[in-house]
Every structure is written in structure tokens, then in C-alpha cells.
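Examination of the molecular architecture
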Amino acid sequence: MSSYKSTSTPVDTKSKLGAVAGSPYEDPTHYRSLVSALQYLTFTRPDITYAVQHVCLFMHDPRVEHMNALKRIIRYIHGTLDYGLHLYPSSTSTFVSYTNADWGGCPDTRRSTSDYCMFLGNNLVSRSAKRQSTLSRSSAEAKYQGVANVVSESCWLRNLLLELHCPIQKATLVYCDNISTGYLSGNPVQYQRTKHIEMDIHFVREKIARGQVHVCHVPSTYQIADIFTKGLPSVLFEDFRDTLSIRRPPTMTEGVC
């Protein structure tokens, strides 16, 4: 595929692939080998996390359409070989996170995929894109489970930094683009329709009451976590990719090591 034309994004903006899309791929072992290699690459290339997570779902029975999606990821990587995750000197006094979920995004099970990304100062230190284990009856419920996941991760990281004698004094800011999620976080009244996520609600509210977490609303145009949830137009994808500090290496002048 070295002569293939590169793409500007690792995944298109169309609806997600299903488990029985197209005919079976002729070499499943080849498909699994490529997907496994790409999983390692996500450590330094978070911009392909969503695309790789999507093709991983079909390793048990890959189809031709799944292989075409995998080839698109390779074409994207071919055009961005010199890109990577950069870390810079930055303040370590603040934790900021973004979380989102695609409500009922899976065409086969209608389960949602929740994701988050966390910044310590200006550096990306944690991210995740994972399918939820239960069905959500509304987008607010799906996104609230994403909030609970990122709050749990932030508690672990705050405790780790405390053991390293770098305690975080300020509350972790959690940005979500769903207004109802913010209401559920701050309203002590329990609703019958959210009963099956009651544990998540109590967990998040406890952290809010202790001053460790603050849930805020962010417009969808600034929801960085979208890069881990769905295919984006190239302009928005490149903007979010730069926000995650996934860039080319700095230009080196001749003679400098």
C-alpha cells in the first residue's frame, strides 16, 4: 500500500460498520495481525484511537468492509508518519477532562461508546474509548456513564500524584456537551428513569460535594472528546488533533543534534 493515496482522517463520517457488513475477509489472520499492531501505535498516536477501537470489534469475524476501514487507517498513517504525541513543560496544578458518548452508536447491539481525555496542565495524560456494558435509554444516561468513568480515572490520578508529593489542590474540571448531564450531577433529586445508573450518580455527586470534581457544559464545537467517539470532518479533526498535541517534530536546523 506504499503507493496508495493518503487520507486526511483515519475514518469517514458515515454511520458505523455492522458485524455482518459485506462478505467474509479471505485472510482473518492477516486482519488480526494488522489490528494488533495498530493497537500498539495508539500509545503515541491517540488520534487513531477511535478508528482502531472500531476495527477491533470485528476481529472474531472480519469482513471485506472491515478490511477497507483498516486500510483507510493505514493510508492515514502513511500521510502522517512523522506525527506523534508531544509533551511539553507545563503547570501541573490543574486537571481538565473532556468526555462524550455516542448514544446507541453500535448498529448491532445499540450500545453506546463512551470516551474521555484528560489533561494535566497542557499535556494529554490519559484517554479512553470503550463500549459501555449496558444499554442506555437516553443520551443523558449514556454521557453520564462517561462522566462517571472520567471521574473515576481522575481520582486514581489525583491519588497517584499525591503519593508523588505533587497534590492537585483544585477540583478536576469535567467538560460534557450534554446539559442534562450537568443537571443530574448537581440535582440531588433521583429520577425513576435513571435508576439503573444510580451508583454512578451517587459516586459523581459525592466527588462534587467534596470539591474534587466540577462538571461543566461545553459546546459541541469545542468537545475534544469527539475525536474518540466518531468520524469528524477533516478541518475539525485536524483542530482537535493539534489540541491533543499530536504534531510533527519541531524543525531542526542543520548541525544541531
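1. Description of the pattern of salt bridges
- Applying the stated criterion to the full structure yields seven salt bridges.
- Residue R63 pairs with D61 through a salt bridge whose shortest N-O separation is 3.1 Å.
- Take D61: its relative accessible area is 30%, and that puts it in the partly exposed class.
- With a closest N to O distance of 2.9 Å, K143 and D177 form a salt bridge.

2. A word on the pairing of strand β5 (residues 172-176)
- Only one face of β5 is buried: it carries T172, V174 and C176, and the other face, with L173 and Y175, is open.
- Sheet analysis places strand β2 (residues 95-102) next to β5, joined by three bridges and oriented parallel. Residue pairing in the sheet places S97 in a bridge with V174 of β5.
- Here β5 pairs with strand β6 (residues 213-217) via five bridges, running parallel. Of the residues in β6, the one forming a bridge with T172 is V213.

3. Topic: the pairing of strand β3 (residues 113-120)
- Burial of β3 is extensive: eight of the eight residues sit out of reach of the surface.
- The two faces of β3 match: T113, D115, C117 and F119 on one face and S114, Y116, M118 and L120 on the other face are all buried.
- In terms of strand pairing, β3 meets strand β4 (residues 123-131) through eight bridges, oriented antiparallel. Within β4, the position partnered with F119 by the bridge is L124.

4. With respect to helix α2 (residues 49-56)
- With respect to burial, α2 is a largely interior element, eight of its eight residues being buried.
- Where α2 is buried, its residues contact α1 (28-41), α3 (64-79), β3 and β4.

5. What to know about the confidence of the model for the protein
- Averaged over the protein, the pLDDT score is 84; the fraction of residues at 70 or greater is 91%.
- Per-element averaging of pLDDT across the protein places helix α5 (residues 179-186) at the bottom with 73 and helix α7 (residues 234-243) at the top with 93.

6. Regarding empty space enclosed by the protein
- Taken as a whole and judged by the stated rule, the model has three cavities of 30 Å³ or more.
- Size it by volume and the largest cavity reaches roughly 50 Å³.
- If you go around the largest cavity, the residues you meet are T9, P10, V11, D47, I48, Y50, A51, I227, K230, G231, L232 and F237.
- Its residues assigned to classes, the lining of the largest cavity shows eight nonpolar, two polar and two charged.

7. Section: the state of the cysteines
- By the definition in use, this model includes zero disulfides.
- Here C117 is not cross-linked by a disulfide; its sulfur's nearest cysteine counterpart is in C176, at 12 Å.
- Here C176 stays free of any disulfide, with the sulfur of C216 as its closest cysteine sulfur at 11 Å.
- By relative accessible area, C176 is classed as buried at 1%.

8. Overview of the packing of α1 against α3
- Interhelical geometry of α1 versus α3 gives an angle of 40° and a closest axis separation of 11 Å. If you check the angle between α1 and α3, you find them oblique. When the axes of α1 and α3 are compared, the crossing they make is left-handed. For the pair α1 and α3, the contacting residues are H30, Y31, L34, V35, L38 and L41 in the first and H66, M67, L70, I73, I74 and I77 in the second.
- Taken together, the residues of the contact of α1 with α3 sort by class into 10 nonpolar, two polar and no charged.

9. Section: the sheet that holds β6
- If you walk across this open sheet you meet the five strands as β4-β3-β2-β5-β6, and the pairing is mixed. Edge positions in the sheet fall to β4 and β6, since each has one partner strand and no second. Neighbour-to-neighbour, the strand axes of the sheet open up by a mean angle of 20°, direction not taken into account.

Definitions and limits used
- Residues numbered from 1 in each chain as written.
- Predicted model: local features only at pLDDT ≥ 70, side-chain atom pairs only at ≥ 80, totals over all residues.
- Heavy atoms only, no water.
- Salt bridge = Lys/Arg side-chain N within 4 Å of Asp/Glu carboxyl O.
- Buried < 20%, exposed > 50% of the residue type's maximum accessible area, 1.4 Å probe, protein only.
- Helix = DSSP H or I, 4+ residues; strand = E, 2+ residues; numbered from the N terminus.
- Pairing = 2+ DSSP bridges.
- Contact = heavy atoms within 4.5 Å.
- pLDDT = per-residue confidence, 0-100.
- 1 Å grid on protein atoms, 1.4 Å probe; cavity = no way out; pocket = protein on both sides within 12 Å on 5 of 7 lines; lining within 4 Å.
- Points joined across faces, edges and corners; volume = space filled by probe spheres on them.
- Nonpolar A, V, L, I, M, F, W, Y, C, P; charged D, E, K, R; others polar.
- Disulfide = S-S within 2.5 Å.
- Axes fitted to C-alpha atoms, helices over the stretch in contact; angles between N-to-C directions.
- Parallel < 35°, antiparallel > 145°, perpendicular 65-115°, else oblique.
- Left-handed = near helix turned anticlockwise from the far one by under 90°.

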